[in-house]
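Structural description and commentary
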Amino acid sequence: MESIYLLIPLALVLLALIVAIFLWAIKSGQFDDMDGPAYQILKDDEIKKDK
Amino acid sequence: MTIADKHTCFHCGLDVSKDVDLSVIINNQPRPMCCAGCQAVAQAIVDAGRADFYQQREGFSPTGQDVVPEFLKQLHAYDHPDIQKQFVVQTGEHDKEASLILEGIVCAACIWLNEQYIAALPGVVEVRINYSTHRAFVRWDDTQIKLSQILEAISHIGYKAHPYDVAQQQELFEKNRQQSLRRLGLSIALGMQIMVLALALYTGDWWGIEPSIKQLFHEISLALTIPILLFCATPFWKSAWRDIKHRQLGMDVPISLGLIVSFSGSVYSTWQEQGAVYFDSISMFVTFILAVRYFELMARKKTAESTESLLSLRPNMATKITNQGEEVVAVTELEVGDKVLILAGEAVPTDGLITEGKSRTDESLLTGESRALTKDVNDTLIGGSMNLDSPLQMEVTHIGQDTVLSAILNLLDRAQSEKPKISQLADRIATRFVSVIVLLAIAVGWYYGIYIDNWSSTHWIGIVVAVLVVTCPCALSLATPAAMTIASGRLSQIGLLIRTKRALETLSQANYFAFDKTGTLTQGELQLDGVSVCQNIEKEQALAIATALEKSSEHPIAQAFLNNPSKASQSMVVTNIENQVGAGLSARIDGQRWYLGNTDYIAAQTDLVLSDKVSQLLESDQLQAATVVCLANAQKAYAIFLLQDKIRAGAKALINDLQAAGKQIVLLSGDHKISAHTIAKQLGIAKQQVYAELKPEDKLSQLKKLQQQNAIVAMVGDGINDAPVLAGAQVSIAMGNGTQLAAASADMVLLNSDLEQLRTGIGITQKTMRIIKQNLIWALTYNVVAVPLAVMGYVEPWLAAIGMSLSSLLVVLNALRLRRAK
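Calculation notes
Residues numbered from 1 in each chain as written. Chains lettered and ligands numbered in written order. Predicted model: local features only at pLDDT ≥ 70, side-chain atom pairs only at ≥ 80, totals over all residues. Helix = DSSP H or I, 4+ residues; strand = E, 2+ residues; numbered from the N terminus. Buried ≥ 20, exposed ≤ 12 C-beta atoms within 10 Å, placed from the backbone. Contact = placed C-beta atoms within 7 Å. Nonpolar A, V, L, I, M, F, W, Y, C, P; charged D, E, K, R; others polar. Core = buried A, V, L, I, M, F, W, Y, C linked by C-beta atoms within 7 Å. Pairing = 2+ DSSP bridges. Expected span 1.5 Å × (residues − 1). Axes fitted to C-alpha atoms, helices over the stretch in contact; angles between N-to-C directions. Arc of directions from axis to C-beta. Parallel < 35°, antiparallel > 145°, perpendicular 65-115°, else oblique. Left-handed = near helix turned anticlockwise from the far one by under 90°. Right-handed = clockwise from strand over helix to strand, strands pointing away.

**Quick look at the overall build of chain B**
A count of helices and strands for chain B gives 31 helices and 29 strands. Considering chain B as a whole, with its 822 residues, one finds that 43% of them fall into the buried category.

**Observations concerning the overall build of chain A**
Per the secondary structure count, chain A includes two helices and zero strands. Looking at chain A as a whole, 0% of its 51 residues are labelled buried.

**Thoughts on the interface of chain A and chain B**
Counting residues at the interface gives 23 residues for chain A, matched by 20 residues for chain B. Ranked by residue count, the leading element in the side of chain A that touches chain B is helix H1 (residues 4–27) of chain A, at nine residues. When its residues are assigned to classes, the side of chain A that touches chain B shows 14 nonpolar, one polar and eight charged.

**Let's talk about the nonpolar core**
All names here are of chain B. In this structure, Val464, Val467, Leu468, Val469, Ala514 and Ala714 are the most contacted members of the largest nonpolar core, which totals 124 residues. No other element matches the 13 residues that helix H30 (residues 755–791) contributes to this core. In contact with Ala714, other than residues within four places in its own chain, are Leu507, Ala510, Phe513, Ala729, Val731 and Ile733. Counting residues in hydrophobic clusters, the runner-up holds 39 residues, among them Cys34, Val88, Val138 and Ala153.

**Remarks on the sheet that holds strand E10 (residues 339–342) of chain B**
Residues and elements named next belong to chain B. Judged by pairing direction, the sheet is antiparallel, and its six strands sit side by side in the order E9-E8-E10-E16-E11-E14 without closing on themselves. A single partner strand is all that each edge strand has here, and the edge strands are strand E9 (325–330) and strand E14 (380–381). By the bridge criterion, three bridges tie strand E8 (residues 317–322) to E10 in an arrangement that is antiparallel. Bridging across to E10, Lys320 finds its partner in Val340.

**What to know about helix H16 (residues 459–470) of chain B**
All names here are of chain B. Taking 1.5 Å as the rise per residue, H16 with 12 residues should run 16 Å; its terminal C-alpha atoms sit 17 Å apart, in good agreement. The element H16 is largely enclosed, with a buried count of 11 among its 12 residues. When H16 is considered as a whole, its buried residues turn out to be Trp460, Ile461, Gly462, Ile463, Val464, Val465, Ala466, Val467, Leu468, Val469 and Val470.

**Comments concerning the sheet that holds strand E17 (residues 496–498) of chain B**
All names here are of chain B. What the seven strands build is an open sheet, ordered E17-E29-E28-E27-E18-E25-E26; its pairing is mixed. Since the sheet does not close on itself, it has two edges, and those belong to E17 and strand E26 (690–691), each with one partner. For strand E18 (residues 512–516) and strand E25 (residues 664–668), the ladder comprises five bridges, and the chain directions are parallel. Among the inter-strand pairings, Ala514 is bridged to a residue of E25, identified as Val666. Sitting on the sheet, H30 is in contact with E17, strand E28 (731–735) and strand E29 (748–750), with an inclination near 50 degrees to E17.

**As for helix H25 (residues 651–660) of chain B**
Residues and elements named next belong to chain B. For H25, every residue scored as buried is listed here: Ala651, Leu654, Ile655 and Leu658. Viewed end-on, H25 has its buried residues packed into an arc of 95 degrees, placing them on one side of the element. If you follow the buried residues of H25, they end up packed against E18, helix H19 (517–521), E25, helix H26 (673–683) and H30.

**What about the packing of helix H11 (residues 252–272) of chain B against H16(B)?**
Pairs of packed helices are described in terms of their axes, by the angle between the two and the distance that separates them. All names here are of chain B. Contact geometry of H11 with H16 gives a least axis separation of 9 Å together with a crossing angle of 160 degrees. One element, H11, and the other, H16, form an angle in the roughly antiparallel class. In the packing of H11 onto H16, the handedness of the crossing is left-handed. Seen from H11, the contacting residues are Pro254, Leu257, Gly258, Val261, Ser262 and Gly265; seen from H16, they are Ile461, Val464, Val465, Leu468 and Val469. Residues of the contact of H11 with H16, tallied by class, amount to eight nonpolar, three polar and no charged.

**Description of the pairing of E25(B)**
All names here are of chain B. Counting buried residues in E25 gives four out of five residues, a clear majority hidden from the surface. Sheet topology note: the E25/E26 ladder contains two bridges and is parallel. Within E26, the position partnered with Leu667 by the bridge is Val690. A crossover connection joins E25 to the parallel E26 through H26; in handedness this β-α-β unit is right-handed.

**Remarks on the environment of B:Ile437**
Residue and element names in this part refer to chain B. Mapped onto the fold, Ile437 is located in helix H15 (residues 421–452). On the neighbour-count criterion, Ile437 (25 C-beta atoms within 10 Å) is buried. In sequence terms Ile437 and Pro473 are 36 residues apart; their C-alpha atoms lie 9.5 Å from each other.

**Looking at unusual backbone geometry**
Residue and element names in this part refer to chain B. At Asn27, a position not held by glycine, the phi torsion is positive, near 50 degrees. Structurally, the position occupied by Asn27 is in the loop between strand E1 (22–26) and strand E2 (29–33). Its identity is not glycine, yet Asp590 carries a phi of approximately 55 degrees, on the positive side. Tracing the chain through its elements places Asp590 in the loop between strand E21 (584–589) and strand E22 (592–597).

See below:
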């Protein structure tokens with residue numbers, strides 16, 4: 001059972017990491033457009049520049 | 001190619017008239033186009049190599065007929081540094097960034113088309129379009145391309161772009177939304193961890209667990225709960241505190257009390273190393289409520305956005321006259337006392353007094369009728385009205401919130417925030433309920449503490465928390481808003497925009513439906529079908545005179561004449577124009593005063609009685625929906641014009657449906673009796689319910705008569721002379737093709753003017769009311785049953801949390817049924 005004294009803190013560290021990543025995601029606008037990426041997958045042509 | 005292809009425009013879906021023969025070769029097949037506008041747009045799309053657009057799109061594009069050259073002229077002003085500093089950010093030596101709003105987006109394919117097309121323009125560095133909000137973010141190299149060129153290019157493929165002025169309100173909302181999301185996310189993360197530990201504890205309760213481990217888990221759960229209460233639950237504390245200060249107890253009060261009591265109890269238990277802890281309930285409780293509120297926030301924002309675009313009555317730019325000459329500035333920069341120049345065809349930027357010039361203006365935003373008012377020096381001008389004839393110079397008297405337009409919009413705003421009666425009742429019940437619950441919880445706690453346990457155990461905490469949580473009237477408060485929000489969204493989907501909250505409820509209760517004829521039941525596109533001359537006058541001459549007279553009118557009748565103006569009419573000099581709302585107009589040509597209008601108007605102006613002649617004509621010709629207009633001078637009647645209009649596709653089906661449901665149908669028309677009756681017959685409206693030859697005031701008094709008989713009247717009109725009736729009816733629907741004031745003063749706007757959609761919409765409102773009632777019954781039943789159970793101690797706190805969550809969830813799920821409502 002002693003392993004639990006390692007595992008719990010480890011879990012908490014992982015949790016802190018997840019929360020940090022989540023906060024970064026909000027800041028960088030990952031949650032601003034929930035519909036777009038679904039459509040963007042379908043169309044990824046190269047952008048041809050008109051000269 | 002099927003037969004259908006020949007008659008509908010491949011680009012916008014409108015009918016192609018028989019004498020138009022335009023086409024574009026798309027993907028190796030020639031496709032018909034209805035006008036030069038659509039042809040130009042389709043060609044531009046093909047030339048850019050984006051013909052795939054037509055295969056991917058989910059609906060027809062906006063018609064190219066609307067791409068107005070005046071809009072393009074204004075674009076150059078967007079390059080002006082003073083204007084740019086409001087919404088363009090300089091990010092590098094040459095680079096600039098701006099956000100744009102795109103209009104005309106129909107589906108994802110449109111967005112794709114815009115992204116590809118803009119990105120391909122030389123000088124554009126980056127473009128990103130948000131699929132949900134239709135806002136485009138563009139970065140470009142200012143030395144290679146100008147903003148106006150980008151906007152122009154967008155118009156080439158048939159869309160309109162305006163710069164997006166990031167108003168303070170929007171920024172605030174974004175900050176708010178992000179903060180809500182942070183709270184929700186943190187609560188979920190911590191909550192999940194607490195639940196993992198809780199699962200172990202539950203198992204331990206069953207199979208046995210070492211006390212030291214149990215204590216450890218309790219302590220960790222406590223530590224994890226603290227951030228939840230300090231950060232995630234802050235909205236509850238703030239709102240509860242505000243409620244207590246104002247002595248208006250809302251839902252957040254019992255929620256906060258429940259959280260405090262359960263947390264204190266759990267802390268005590270952890271400290272004493274015995275007793276129950278409720279950290280799992282607390283975290284799940286907070287998480288659930290935050291989640292529901294976040295989604296509600298997003299749904300509300302979406303409906304608000306769709307009505308925002310309707311009210312873009314204000315122009316963005318004005319021409320200021322300074323000592324150095326003329327300068328184009330943003331309207332927001334004008335100050336009282338500034339002098340501005342308003343050219344013919346431009347909108348007046350703000351309220352002011354004329355200092356030079358004489359012209360006529362269109363103040364339809366106040367009168368609902370495009371009555372051209374003559375304005376001279378020292379007359380007042382209203383911001384938002386249109387200057388028609390000649391340039392005017394004006395001195396600014398009011399800006400911003402002081403203008404007439406702002407006052408009107410404020411009034412409308414207030415009307416919009418009124419809740420439906422049934423929701424107000426629910427709110428009142430919820431408030432009383434909360435005070436009762438709090439008192440009950442205190443009483444129960446006291447009882448158990450003193451009489452049953454004598455304060456020896458923490459049992460009473462569990463009971464109190466259970467009472468507080470399980471009786472929380474969340475379901476009751478959610479019952480109406482959940483359904484309303486989803487219903488509004490569904491209705492916007494079919495093009496029926498709700499502007500006042502009461503509208504939905506009232507529409508479902510309406511028992512009388514009043515329709516305007518021209519423009520509502522009919523398409524409003526009149527065509528000249530026949531001319532009958534009475535005196536010694538050539539048909540062409542009569543037509544020319546009538547056309548010249550109609551030049552100053554925007555009524556659909558005028559359009560019928562102005563479609564093919566003859567040379568003779570264009571060279572006529574028309575003076576002293578007098579326009580009478582919904583009746584006719586008169587003017588002087590070559591020294592002779594002419595009158596053009598319906599038989600009532602002519603009779604009033606000239607004492608000539610024409611109704612018999614007109615009736616004869618209509619009966620003999622068996623015309624479908626003819627509108628009759630007569631030309632006369634003071635002495636004699638010269639000609640009678642017959643104008644044809646088509647009945648809208650969905651009209652008959654809508655009226656049949658309404659009648660089958662037992663609703664009364666009334667037709668209110670300003671047109672001749674016989675045309676009104678002809679339409680009524682074709683649509684199945686009873687003869688005694690047809691009121692014809694009505695002036696706008698008459699329409700309103702007819703409406704009031706019905707209301708006095710306790711009828712709940714729903715009025716459907718297109719606003720050109722319906723504005724007072726639309727305002728007077730209990731619920732009103734404006735056709736999308738009507739005037740802007742009508743749209744702004746009606747309760748709902750039917751964007752695509754499709755009566756078929758109105759039919760669907762009415763069905764949806766009825767379903768919504770049914771679902772609201774179901775929700776309310778469920779919420780009340782749940783609370784009534786749960787309270788005695790909780791008081792008697794049968795409910796554990798975790799059960800209470802689940803019960804409360806489930807009841808709210810059920811209400812929301814029931815409301816979600818509206819998403820697919822037909």
